[in-house]
Amino acid sequence: MLEVTNLSKAYPTPRGPLSILSNISLSLSRGEAVSIMGPSGSGKSTLLYIVGALEPPTSGTVALDGQNPFRLAERELAAFRNQKIGFIFQDHCLLPQCSVLENVLTPTLVAGANDNDVERARSLLDQVGLRERLDHRPAELSGGEKQRVALARALIRQPLLLLCDEPTGNLDRHSAEVVASLLLELHARQQTILIVVTHSAELAARFPIRFEMSEGELKQS
Amino acid sequence: MQLSTLLKRNLTYYWRTNLAVVLGVATAVAVLAGALLVGDSVRASLRDLLLLRLGNTDQVISSAGFFREQLTNDMQAHTQFASTFSAACPLVVLDGTVTHDKSNRRAAGVQVYGVDERFWKFHGRDGADYTLNPRQLLLSAGLAQELGAEVEDAILVRVEKHSDIPVESLHGRKEDLGITMRLTTRAVLPASALGEFSIRPQQAAVRAVFVPLRRLQQDLDQDGKVNTILLAEKNREANPQIALEASEKLLRDAFSLADVGLKVNALAEQRRLLLESDSAIINDELANTARQTAESLSLRVYSVLTYLANTMRVGQREVPYSLITALNEEGFDFSRKGTSTLPPMILNEWAARDLAAKPGDTLSFDYYLWEQEGRLTTRTAQFEVTGIVPIAGAAADRRFAPTYPGITESASLSDWDPPFPMDLKRVRPIDEEYWHQYRTTPKAFIRLEDGQKLWGSRFGKLTSLRLAPAEGSNLQTTLDAYQTKLKAALDPLKMGFSVYSARAQGLAASRGATDFGEYFVYFSFFLVVSALMLTGLFFKLGVEQRLREIGLLRAIGFPAAQIRALFVREGFALAVIGSIVGVGGAVGYGELMMFGLRTWWVGAVGTTSLTLHISPTSLVIGAVGGVLTAVGCIVWSLRLLAPTSPRSLLMGVASSEPEDRKDKRSSWRQRLAALPFSASRLAIICGLIGTVMLVSATLKLIGQVAGFFGAGTLLLVALLCFQAARLKNAKKKLIQGSGWWAVARLGFRNAAYRPGRSVLCIALIASATFIIVAVGAFRRDSQETVLEKKSGNGGFPLLAESLLPVTYDPNSAEGRAALNLPALEDSAMGRVSFARFRVRPGDDASCLNLYQPRNPKILAPTTDFIQSGRFAFQDSLASTPEEKANPWLLLNQAASDGAVPVIADANSLTYVLHLKLGDELTLHQNSGQAIRLRVVAALADSIFQSELLMSEKNFLRSFPSEEGYRFFLLDAPPEKVSAVTTTLEERLADFGFDVRETEERLASFHRVENTYLSTFQSLGGLGLLLGTLGLATVLLRNVLERRRELALLRAVGYNSSHFTIMVLAENALLLCGGLVTGSACALLAIAPTLLARGGQLPTVALGVLLLAVMVAGLTASLAATIAAWRAPLIPTLRAE
């Protein structure tokens, strides 16, 4: 269960605080998937990073599975993210020096030992259609393939919350379609809470719950 | 907006990155120019020291003997004196030993100056300040400190008493060769008050005493005589050669026959002119000149050689102690009637009567002969009495005998005090009567050639020349004419005088035996390389930071070449600014290095008188060199822009390439791959060759040192190539699991992200480590010295130097008795053997002397020593098996071109004399004579680093006036070394005998070598540390370049510990890769040296250095981690 309550975010500027998010509340249960759309600068990504415990809010609370990550110490917060949150970014952010399989395994390196990690990574890569590319380097993959690797990496730790920041923003239509389908399919299979920030109305339309972000406020459309 | 405006904007906007580039260039320039300043400073300091010590002296006239003090005045009175010179000053200069009476501390090799007020006035000081009474002396500050002497302390000064008669002749006095003066210290003179006056360049503190001239002359029995004149030139800017020629002319014009030890007298009764020498012997060259001069005046010349016979014997009858004269004088008819093969002899009536001899009798006589080896032998000659002459006319001439001190002036035979044993019991009243009546009148006469065969020596074959003027000519007029003409025919410069330009020679020598500038450039090599690497790296980082900007410029139509030119101009501007800053840094670096040479590394220079001298030329060279190299690095770093497409640049990526270029490169790569030089292939090739060399060297199929060093170097290259190949290798083991090791493995994998950078870092650290570790093994530890015949000490535990020449052979029973040494049966001294060396004083040719030795000291061992084949040789020109087994034999080789073979220590040869085997060195004895020396062998790390060695035969031919032995190597049982030292120094104190352990001498050379190595290691280590910081910079750059990746890791749950482990692991891999590779290969390279020293390695210093590098590298990487962690990474993940 994700509970966002009265969340606000403002950045200090020389001319006073600049409000980005204003009094946002949101509640999502396991298995729910939402999309957030809105113009550039409206605060969608900021909301995503705060929910993902990468950035603290100015006020308000975030609770995932009943736990407020911002009350955790640095190490515990890192472990919290590792265990409960999966990220997919517009720029896939793969490690160029590591193979496809190793990229997927990256989050497991700092988690507790689990002998099934490699098998699970292989399985995920199989599910995203990259079984034949395990030993390839990111530089040898197309944009869509890279994003599929990122999707597998995001799911390797079986997170409760899956956050996607413009996951198809850099992809062609076909690749975007493939990635979106996989995303929703795997979400459905793993019953995560899925939040996708996107400019793509086409992608947003595939989500049962859609939000619109405007001037720091979140409205369901 | 113009390009120059854009350039200015770029320089100011990116000031942080630019500042790093400027600092990198500044460091390189500071180190480079600073190193050159060190060279300038050492040279200038040596020059200053020389000038301070010379005072007002420009030229020095000196003589092997003593000459009239008046000669100085005569020269000054010369009409041409004032045109070239402003002042002249006579003085006595001697080597001596001094003893502090209170503490009994002794110092050998002290300069003893006999001076009066003229000396101080000559140097522009008030002589009244330094007026000494006959019982006072002045001490140099250095000597006072060494002795612990203060004002009013009594000092015993011992110097050699000059003898005109050669010591190594029968009449030369072999004992009591010195005098000792007890004087009171009036003052201690600092260097600024001329306390360190010296006419020989040396950087160490001058140990000198100034004693009253009159007192010294009196004690030396040289009243009114000196051995040195100092000359001050009027115009020091003028050509010193012209001034030298002027002083030589003054000397030639002003000298008298007395100054070269000659006297010509008129013997009225005999109507002869008598030419004699103070040495009681006339050498061949002088005899020829005198003869030719006489003949030019139509004088008849008769030669005389008179010698002492201990016994003349006919049958059973004997006459003791008689003079026999060999001559070719008229009036002595040596013709005979018989058929005897014995040479003829004419006896005077007295001797014939006493011996009951008659013509036809055989007469034998015994005579002493001083053997060159150091012993007096008695020989016997047989003659046939062919005539008997009355003691009248020529046969009554007592002037056939020269004046012998202790004999000629004696009232009776029993009063004789000759320098050889004499049995007074054999002297009969009748002999005393003869002496009383006829004194030195010879009792027998033989032919000149017969006498010369018996008594001729290297000093000459005549005791006098007699010149007969034409009948009726005036004897006095003839005497005057002959004296004038003889003086004109003689060259004082060939008769013991020497004239040299002390200032010009000293200034030339002050250019130094060692170019410290060059050395410090080598020493600072890694500092410069590291600084330049950082410069290139910082600039490259700056360029990479601005890839989008470059992409934009390309997109709006800037040609690639113009963008490149813009960056080159930017780099040039930064390099110029950096070099200006670096020039200031150079002064600081130079000052630091000079401070180091005065303190930490004083062992290399032996003086604390070195100060920084700033030379604009060096600063300009350093600055220009730094700018050019930095621009080169910058241009090299810009190469990454060339293959990058504008689209990639706009995306901030410098690796994507346009397809056409990619194709070209791939074909180029294919071609390269076809070559055997890919990293892995090169690794295999170098590894194989290295292994082959290693095995060959182990089996001694090739030279061990070269073999192991070559193998080590090749294996270093192989390992670096292997690491490069491994880093580039795509097939890697899967990183899985969890925990610190898994994260560390991710860090190791990161090292492969930019393999070029990683290999560069490893290579730099490995190369620096290799050199530093390898150099460390060449440090010499005096403790490791072993007494072996084939070593640097030749198996001799002790060496000794003597102020006065020792002529007796201390290896013989007679010699020991004469020298008052314990007999051969003595428990301690009995087993001591002496290797004796003749010495020709000169400049120290070792690394202990910073001045360029222009006239190296020469030692000449005896034949026994040469045959013994001791000491280890590094190399030689030996061709026969005998010579190869004993290269000392090369000294006996007669070169067809007249060059004299010499042997030198390999270190001195290479680093001080800058010569190699077969090279020649010309030794200028004085203005007229030069001796060519050819190096035929090089000793390995020996105690003979200060001198050259030649055979005794060649030595005596080249330097006939150098007498006796002054250098000794002593073979003594190790347990008796202390007792032997004490005994010798006590018993031979009058000779100024100074005994030291050979180990101590070797250690003094090793200290210099070790200090150089330490300097190299220190500065190399500093460069290594700077290189490590460069490594940290690379790492930081890698971290910053991968901010998005790091942000992602953070997003997926990595905490600060994971980051630290990852970054430390990456850096540790590079550091350890470099340190281990470098150290391992270096240890392999120096294995023979290590094994030769029992496997000892100076581990502590090296360990500390390598640990410091490791710690510095890891600390820097920790800083990089913290910087990366604190950086706002998350925004990099944002899509917008």
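Just so it is clear, the model here is predicted, and its values are computed rather than measured. (Residues numbered from 1 in each chain as written. Chains lettered and ligands numbered in written order. Predicted model: local features only at pLDDT ≥ 70, side-chain atom pairs only at ≥ 80, totals over all residues. Heavy atoms only, no water.)

A. Representation of the overall build of chain B. The number of helices and strands found in chain B is 37 helices and 28 strands. Out of the 1136 residues belonging to chain B, those deemed buried represent 56%. Across chain B, the 117 positively charged side chains and the 107 negatively charged ones have centroids separated by 14 Å. (Helix = DSSP H or I, 4+ residues; strand = E, 2+ residues; numbered from the N terminus. Buried < 20%, exposed > 50% of the residue type's maximum accessible area, 1.4 Å probe, protein only. Lys, Arg positive; Asp, Glu negative; His and termini not counted. Charge placed at Lys NZ, Arg CZ, Asp CG, Glu CD.)

B. Quick look at the sheet that holds strand E1 (residues 2-11) of chain A. All names here are of chain A. Here we have 3 strands laid out as an open sheet, ordered E2-E1-E4, and antiparallel in their pairing. Of all strands in the sheet, those bounded by a partner on one side alone are strand E2 (18-28) and strand E4 (59-64). Direction aside, the axes of adjacent strands within the sheet are offset by 20° on average. Sitting on the sheet, helix H1 (residues 44-51) touches E1, E2 and E4, and the angle it makes with E1 is about 125°. (Pairing = 2+ DSSP bridges. Axes fitted to C-alpha atoms, helices over the stretch in contact; angles between N-to-C directions. Contact = heavy atoms within 4.5 Å.)

C. Just the interface of chain B and chain A, in detail. Taken residue by residue, the interface counts 35 residues in chain B and 42 residues in chain A. In this assembly, chain B and chain A are joined by 1 salt bridge. Note that Arg749(B) is salt-bridged to Glu102(A), the shortest N-O span being 2.5 Å. In this structure, the connection of chain B to chain A is made through 7 residue pairs in polar contact (both at pLDDT 80 or more). When residues in the side of chain B that touches chain A are grouped by element, the largest group, 6 residues, is from helix H34 (residues 1043-1051) of chain B. (Salt bridge = Lys/Arg side-chain N within 4 Å of Asp/Glu carboxyl O. Polar contact = N/O pair within 3.5 Å; in protein donor to acceptor, adjacent residues only side chain to side chain.)

D. Region of interest: the side chain of Gln190(A). Looking at the secondary structure, you find Gln190(A) in helix H6 (residues 173-190). Those residues in contact with Gln190(A), other than ones at most four positions away along the chain, are Arg30(A), Arg120(A), Leu124(A), Leu155(A), Gln158(A) and Pro159(A).

E. Quick peek at the sheet that holds strand E3 (residues 33-37) of chain A. Residue and element names in this part refer to chain A. Strand order in the open sheet formed by 6 strands is E5-E6-E7-E3-E8-E9, with mixed pairing between adjacent strands. The two strands at the open ends of the sheet, each matched to only one other strand, are strand E5 (85-88) and strand E9 (217-220). Taken pair by pair, the neighbouring strands of this sheet meet at an average axis angle of 20°, ignoring direction. With 5 bridges connecting them, strand E6 (residues 161-165) and strand E7 (residues 193-197) associate as parallel partners. Bridging across to E7, Leu-163 finds its partner in Ile-195. Strands in contact with H1 are E3, E5, E6, E7, strand E8 (209-214) and E9; relative to E6, the strand with the most contacts, it is inclined by about 150°. Sheet strands in contact with H6 are E3, E5, E6 and E7, and its direction is about 160° off that of E7.

F. A look at a nonpolar patch on the surface. Residues and elements named next belong to chain B. Together, Val-695, Leu-699, Leu-701 and Ile-702 make up a nonpolar patch on the protein surface, roughly 390 Å² of accessible area in all. Relative to the helices and strands, Leu-699 is located in the loop between helix H23 (679-698) and helix H24 (704-728). Accessibility expressed as a relative area gives 56% for Leu-699, which makes it exposed. (Patch = residues over 30% accessible without salt bridge, like charges linked within 9 Å, V, L, I, M, F, W, Y side chains within 5 Å. Areas by Shrake-Rupley, 256 points an atom, 1.4 Å probe, with all protein chains shown as cover.)

G. Region of interest: the environment of Lys884(B). All names here are of chain B. Mapped onto the elements, Lys-884 comes out in helix H29 (residues 881-885). Given a relative accessible area of 55%, Lys-884 falls into the exposed group. As for Lys-884 and Phe-873, which are separated by 11 residues in sequence, their C-alpha atoms are 9.8 Å apart. When sequence neighbours within four positions are dropped, the list of residues in contact with Lys-884 reads Ala-878 and Ser-879.

H. Looking closely at the confidence of the model for chain B. Residue and element names in this part refer to chain B. For chain B, mean pLDDT is 84; residues scoring 70 or higher make up 91% of the total. Mean pLDDT values over the elements of chain B span from 47, in helix H22 (residues 659-674), up to 96, in strand E16 (residues 444-447). Low pLDDT, under 50, characterises residues 656-666; the stretch is placed with 11 contacts to residues that sit more than four places away or in other chains. If you check the scores for this complex, the pTM reads 0.73 and the ipTM reads 0.77. (pLDDT = per-residue confidence, 0-100.)

I. Examining the state of the cysteines more closely. According to the stated counting rule, one finds 0 disulfides over all chains in the structure shown. Summary of cysteine pairing: Cys721(B) is not part of a disulfide, and the nearest cysteine sulfur, belonging to Cys686(B), is at 5.6 Å. (Disulfide = S-S within 2.5 Å.)

J. Here's a closer look at the pairing of strand E25 (residues 930-939) of chain B. Residues and elements named next belong to chain B. E25 sits mainly inside the fold: 8 of its 10 residues count as buried. Strand direction decides the pairing type here: strand E22 (residues 873-876) and E25, joined by 3 bridges, are antiparallel. When the sheet's bridge partners are listed, Phe-873 is paired in E25 with Leu-939. Pairing analysis gives 6 bridges linking strand E23 (residues 900-905) to E25, with the strands arranged parallel. Residue Val-900 lies in a different strand from E25, and its bridge partner there is Leu-933. Alignment of strand E24 (residues 920-924) against E25, held across 5 bridges, turns out to be antiparallel. Residue Thr-922 lies in a different strand from E25, and its bridge partner there is Arg-932.

K. Here's a closer look at the nonpolar core. All names here are of chain B. Phe-119, Phe-210, Phe-520, Leu-597, Trp-888, Phe-944 and Leu-969 are the most contacted members of the largest nonpolar core, which has 116 residues in total. The element best represented in this core is helix H2 (residues 15-54), accounting for 16 residues. With near-sequence residues (within four places) excluded, Phe-520 lies in contact with Ala-35, Val-38, Met-593, Leu-597, Trp-601, Thr-1015 and Leu-1019. Residues Ala-254, Leu-257, Ala-401 and Tyr-404 belong to the second largest nonpolar core, which totals 108 residues. (Core = buried A, V, L, I, M, F, W, Y, C linked by side-chain atoms within 4.5 Å.)

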